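Chain by chain, the residues:
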Amino acid sequence: VQLQAFGGGLVQAGGSLRLSCAASGRTFSMYAMGWFRQVPGKEREFVAGITWSGDRTNYADSVKGRFTISRDNAKNTVYLQMNSLKPEDTAVYYCAADNSRVLDTTTPQHWGQGTQVTVSS
């Protein structure tokens with residue numbers, strides 16, 4: 001599966017952004033999906049994951065209550081709605097996929113290119 005992320009940008013603290021990740025292929029519904037982020041000098045970290053059917057989601061503690069992951073299997077797309085953004089959310093955000101029900105939150109099988117999110121204070 002190939003992944004293409006969109007929607008990054010510059011936003012003020014307290015604002016919102018929605019990231020999208022479009023996947024190629026006809027078996028999108030057989031992939032768990034997720035989002036990770038990375039800042040320079042730090043390891044890539046898990047942000048949010050969603051099962052292949054969308055029935056379960058999980059989040060990093062740092063984004064719980066502010067970010068929401070969702071998917072539309074008819075459109076082969078996964079979303080990350082980010083609200084109440086903070087400067088510490090600034091990072092390059094990557095979407096990821098696993099050919100399984102649940103996403104591996106450390107080393108998923110497939111990565112998309114990143115999209116930059118910058119939150120100004």
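Every chain is numbered on its own, with residues counted from 1 as its sequence reads. Selection of residues for local features in this predicted model requires a pLDDT of at least 70, selection of side-chain atom pairs for listing and counting requires 80 or more, and totals for whole chains, interfaces and linings are taken over all residues. Values reported for side chains reflect all heavy atoms of the structure, with hydrogen atoms and water molecules removed beforehand.

## Some words on the pattern of salt bridges
Once the charged atoms of two side chains with opposite charge are near each other, the side chains can pair.
For step 1, the next point in the chain: What makes a salt bridge here is a side-chain nitrogen of Lys or Arg within 4 Å of a carboxyl oxygen of Asp or Glu, nothing more. One pass over the full model with this rule turns up 5 salt bridges.
For step 2, the next point in the chain: We note a salt bridge from D89 to R37, for which the minimum N-O separation is 3.0 Å. Linking D89 in the loop between strand 8 (77–82) and strand 9 (91–98) with R37 in strand 4 (residues 32–38), this pair joins segments that are 52 residues apart in sequence.
For step 3, the next point in the chain: R66 is paired through a salt bridge with D89; the nearest N and O atoms lie 2.7 Å apart. Of this pair, R66 sits in the loop between strand 6 (57–59) and strand 7 (67–72) while D89 sits in the loop between strand 8 and strand 9; the two residues are 23 residues apart in sequence, bridging distant segments of the chain. For the residue pair R66 and D89, the accessibility class agrees, reading buried in each case.
For step 4, the next point in the chain: A single salt-bridge network, built from bridges that share partners, covers R37, E45, R66 and D89. Helix numbering and strand numbering both begin at the N terminus, where a helix is a DSSP run of H or I of at least 4 residues and a strand a DSSP run of E of at least 2. Accessibility here uses a 1.4 Å probe with only protein chains present; expressed as a share of the type maximum, an area under 20% marks a residue as buried, one over 50% as exposed, and anything in between as partly exposed.

## What to know about the nonpolar core
For soluble globular proteins, the rule of thumb is that nonpolar side chains tend to be buried together.
For step 1, the next point in the chain: Among buried residues, the Ala, Val, Leu, Ile, Met, Phe, Trp, Tyr and Cys ones that are joined through side-chain atoms within 4.5 Å form a nonpolar core. Counting residues in each nonpolar core, the largest one holds 29 residues, and the members touching the most others are M33, W35, L80, M82 and Y93.
For step 2, the next point in the chain: Listed by contribution, the elements that provide at least two residues to this core are strand 1 (3–6), strand 3 (17–23), strand 4, strand 5 (45–50), strand 7, strand 8, strand 9 and strand 11 (115–120).
For step 3, the next point in the chain: Contact definition: two residues touch when any of their heavy atoms are within 4.5 Å. When neighbours within four sequence positions are excluded, M82 is seen to be in contact with G15, S16, L17, L19, R66, F67, Y93 and V117.
For step 4, the next point in the chain: Within the second largest apolar cluster, 5 residues are counted, among which are A32, F36, A96 and L103.

## Quick word on the state of the cysteines
For step 1, the next point in the chain: When the sulfur atoms of two cysteines come within 2.5 Å, that pair is taken as a disulfide. Counted according to the given criterion, the structure contains 1 disulfide.
For step 2, the next point in the chain: Between the sulfur atoms of C21 and its disulfide partner C95 the distance amounts to 2.1 Å. Handedness of the C21-C95 disulfide follows from its S-S torsion of about 50°: it is right-handed. Of this pair, C21 sits in strand 3 while C95 is found in strand 9, placing the two residues 74 residues apart along the sequence. Taken as a pair, C21 and C95 share a single burial class, namely buried.

## Concerning unusual backbone geometry
For step 1, the next point in the chain: A positive phi angle, close to 55°, is found at N76, a residue other than glycine.
For step 2, the next point in the chain: For N76, a relative accessible area of 17% translates into the label buried.
For step 3, the next point in the chain: You will see that S84, though not glycine, has its phi angle at about 50°, which is positive.
For step 4, the next point in the chain: Counting through the fold element by element, S84 comes out in the loop between strand 8 and strand 9.
For step 5, the next point in the chain: The exposure class assigned to S84 is partly exposed, which follows from its relative accessible area of 40%.

## Brief notes about the pairing of strand 1
For step 1, the next point in the chain: Of the two faces of strand 1, only one is covered, namely that formed by L3 and A5; the face formed by Q4 and F6 stays uncovered.
For step 2, the next point in the chain: One ladder, built from 4 bridges, connects strand 1 with strand 3; its direction is antiparallel. Paired with F6 across the strands is S20, a residue of strand 3. At least two bridges found by DSSP between two strands is the condition for calling them paired.

Read these as geometric descriptors, not functional statements.
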